[in-house]
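# What the coordinates show
Each chain, written out:
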Amino acid sequence: MTDRRQKLAALDWMVAMGADEAIGEESVDRRKSARPATPAPELAPPPAPVMASAPPRESGPDAPLAPAQGAADAREAAAAATDLESLRAALEKFEGCALKQTATNMVFARGNPNAPVMFIGEKPGAEEDREGLPFVGADGKLLDRILSFIGLDDQSVYITNMIFWRPPGNRSPTDAETAACLPFLRRHIALARPRLLVTLGRSTTNTVLGLNSNLNKTRGRWIEYGEGLEAPIPAMPCFHPDYLRSYPAQKREAWMDFLSLREKLDELG
Ligand code: URA
């Protein structure tokens, strides 16, 4: 992105966020002062929602699926997928996540699977459940708007979620539900092979990147993600659009993070 286009996009963004008045003679580069001084996020061992080996399954057609069995089945089914279509088909057949029973549609992905950057949200909401596509409701509209400010559209990004079915009433997914979806997400990343990842929100960031950290510390930093990949790729945590809608003052930080994404994409060429 040229310097001029970047400045115009920054102005558009500020006006859109309600900053439509200049109050000082001199412009201040707040990007410099706003960067947190702490050098690195607290790295912690990844959460361990998945058991190394699953206990034997109870027999009988109505036997409940043990949570660890769901995760073990997920690892096996995801590993067998050789491309995005077979991964989608494996998820369609997968019965190891209880959320499937209450959801209207599975929500897999939207955008361009060959795009250089892949965005990962947390879970589908009501509109996503109805349409079977991620980020098509109010959060998606804000995400699309932010992307447009840095010159990106549906064809220049690939968007998915950590959870593939909507939790009833938009509740948070349980550990067992997350553990059953995570192997599919990791395989999804490995098969799409994006050059950059963006994790939206604290829960997705901590689960996918194996952190145990506050998003205020991790957002905007580039952290290596290497699960199931031949070579690690840079991943950046960002605020979730839902959070930005509730706390509009954080949009300034979000804007800096998205500028950092734009710079990284420009570096990749
Ligand atoms: N929030 C998410 O995390 N994902 C969606 O698809 C929609 C809202």
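Higher on the page you've got the structure.
Everything in this summary refers to the structure shown in the same document.

Further remarks concern the pattern of salt bridges. Evaluated as defined, the whole model comprises 11 salt bridges. Shared partners join several salt bridges into a network, and the residues in it are Arg 110, Asp 144 and Asp 154.

What follows covers the environment of Val 157. Looking at the secondary structure, you find Val 157 in strand β3 (residues 157–161). Remark: the alpha-carbon pair of Val 157 and Asn 112, spanning 45 residues in sequence, is separated by 5.8 Å.

Another aspect to go through is the pairing of strand β2 (residues 117–121). For β2, the tally of buried residues reaches 5 of 5 residues, placing the bulk of the element in the interior. Here β2 shows two buried faces, one formed by Val 117, Phe 119 and Gly 121 and the other by Met 118 and Ile 120. Of the pairings in the sheet, the one linking β2 to strand β4 (residues 196–200) comprises 4 bridges and is parallel in character. Residue pairing in the sheet places Val 117 in a bridge with Leu 196 of β4.

Turning next to the sheet that holds strand β6 (residues 233–238). The strand order across the open sheet formed by 6 strands is β1-β3-β2-β4-β6-β5, and the pairing between neighbours is mixed. The sheet is open, and its two edges are formed by β1 (109–111) and β5 (223–225), each paired on a single side. With strand direction ignored, the average angle separating the axes of adjacent strands in the sheet is 30°. The pairing of β1 with β3 spans 3 bridges and is antiparallel. Looking at β3, one finds that Ala 109 is bridged to Thr 160.

Around the ligand, the surrounding shell consists of Gly 121, Glu 122, Lys 123, Glu 128, Pro 134, Phe 135, Asp 139, Asn 161 and His 240. In the model, an oxygen atom of the ligand is placed 2.8 Å from a nitrogen or oxygen of the Glu 122 main chain. The contact in question runs from an oxygen atom of the ligand to an N or O atom on the side chain of His 240, over 2.7 Å. Coverage of the ligand by the protein amounts to 94% of the 230 Å² it exposes when considered alone. For the shell around the ligand, the residue count by class is 2 nonpolar, 3 polar and 4 charged.

So, about helix α4 (residues 84–93). Within α4 the residues assigned to the buried category are Leu 84, Leu 87, Ala 90 and Leu 91. Taken around the axis of α4, the buried residues stretch over an arc of 120°, which confines them to a single face. Seen from the open side of α4, the exposed residues pointing more than 90 degrees away from its buried face are Glu 85 and Lys 93. Of the surrounding secondary structure, the elements contacted by the buried residues of α4 are α3 (67–80), α5 (99–102), β3 and α8 (175–192).

Calculation criteria
Residues numbered from 1 in each chain as written. Predicted model: local features only at pLDDT ≥ 70, side-chain atom pairs only at ≥ 80, totals over all residues. Heavy atoms only, no water. Salt bridge = Lys/Arg side-chain N within 4 Å of Asp/Glu carboxyl O. Helix = DSSP H or I, 4+ residues; strand = E, 2+ residues; numbered from the N terminus. Buried < 20%, exposed > 50% of the residue type's maximum accessible area, 1.4 Å probe, protein only. Pairing = 2+ DSSP bridges. Axes fitted to C-alpha atoms, helices over the stretch in contact; angles between N-to-C directions. Near = heavy atom within 4 Å. Polar contact = N/O pair within 3.5 Å; in protein donor to acceptor, adjacent residues only side chain to side chain. Areas by Shrake-Rupley, 256 points an atom, 1.4 Å probe, with all protein chains shown as cover. Nonpolar A, V, L, I, M, F, W, Y, C, P; charged D, E, K, R; others polar. Arc of directions from axis to C-beta. Contact = heavy atoms within 4.5 Å.

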